[in-house]
Amino acid sequence: MNITLAQAEKALATAKEKAKAIDTKMNIAIVDAGANLVAFGRMDDAWLGSLDISIKKAKTARYFDMNTGIVGELSQPGGSLYNIEHSNGGLITFPGGIPIKNAKGEIIGAIGVSGSSVENDHAVAEAGSKAI
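Residues numbered from 1 in each chain as written. Predicted model: local features only at pLDDT ≥ 70, side-chain atom pairs only at ≥ 80, totals over all residues. Heavy atoms only, no water.

Engineer: Sorry, what's going on with the pattern of salt bridges here?
Structural biologist: Side chains carrying opposite charge are able to pair once their charged atoms draw close together. With the rule as written, the count across this model stands at 4 salt bridges. Asp65 is the partner of Arg62 in a salt bridge, and the nearest nitrogen-oxygen pair spans 2.3 Å. Salt-bridge contacts for Lys130 lead to Glu126; the nearest nitrogen and oxygen are separated by 3.8 Å. (Salt bridge = Lys/Arg side-chain N within 4 Å of Asp/Glu carboxyl O.)

Spelled out as structure tokens, the structure:
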């Protein structure tokens, strides 16, 4: 099962609305079940450095089928995933990446958001993930 372009665009639009509602500018990436980029949006004046971070957050969420904040908790010194951020060409292990599920609960892709605090990144990603 893969996210469709229409679903990815809906998640992107919903995430963008949430970013506007909390008065922040974000980079928003949507990947499919194979972690391939399907849709991307960089809001006007969003940080350029956050572009790559948003894509890596989406990929990280899909690679491990969990929120990137959870991966971050598990990758702390002494954790079961310590140093995992160095795998797969570099992962992002702080909040802002969330798997996207279909109505059956199957993971069909993921969203990654970057451009503000990790709390805001997570809130925007969550809004986008729930749009499907």
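Let's pick the thread back up.
Engineer: Would you take a moment to explain the sheet that holds strand S4 (residues 107–114) for this structure?
Structural biologist: Sheet strands pair via backbone hydrogen bonds, and the direction of the pair is either parallel or antiparallel. Across the sheet, which stays open at both edges, the 4 strands sit in the order S2-S1-S4-S3 with antiparallel pairing between neighbours. Each edge of the open sheet carries a strand with a single partner, namely strand S2 (37–42) and strand S3 (97–101). Put simply, the sheet's adjacent strands are angled 15° from each other on average, direction ignored. Examined bridge by bridge, strand S1 (residues 27–32) and S4 share 6 bridges and lie antiparallel to one another. Paired with Ile30 across the two strands is Ile111, which belongs to S4. In the packing of helix H2 (residues 49–64) onto the sheet, the strands contacted are S1, S2, S3 and S4, and the crossing angle to S4 comes to about 150°. (Pairing = 2+ DSSP bridges. Helix = DSSP H or I, 4+ residues; strand = E, 2+ residues; numbered from the N terminus. Axes fitted to C-alpha atoms, helices over the stretch in contact; angles between N-to-C directions. Contact = heavy atoms within 4.5 Å.)

Engineer: What's the story with the pairing of S1 in this structure? I'm lost.
Structural biologist: Taken residue by residue, a regular strand's side chains alternate between the two faces of the sheet. Taking burial as the measure, the 6 residues of S1 include 6 buried ones, the bulk of the element. Burial along S1 is two-sided: the face carrying Asn27, Ala29 and Val31 and the face carrying Ile28, Ile30 and Asp32 are both buried. Note: S1 against S2, 5 bridges, orientation antiparallel. The residue bridging Ile30 from the neighbouring strand is Ala39, located in S2. Here S1 folds back onto S2, and the loop between the two strands holds 4 residues, one of which, Ala35, carries a positive phi near 70°. (Buried < 20%, exposed > 50% of the residue type's maximum accessible area, 1.4 Å probe, protein only.)

Engineer: Whenever I open this one, the side chain of Asp121 confuses me. Can you help?
Structural biologist: Secondary-structure assignment places Asp121 in helix H4 (residues 118–129). Of the residues examined, Asp121 reaches a relative accessible area of 2% and is grouped as buried. Side-chain polar atoms of Asp121 contact the side chain of Lys57, separated by 2.9 Å. In this view, Asp121 contacts Met26, Lys57, Pro95, Gly96, Val113, Ser114, Gly115 and Ser116; residues no more than four positions away in its chain are not counted. (Polar contact = N/O pair within 3.5 Å; in protein donor to acceptor, adjacent residues only side chain to side chain.)

Such coordinate-based values are descriptive only and should not be taken to indicate function.
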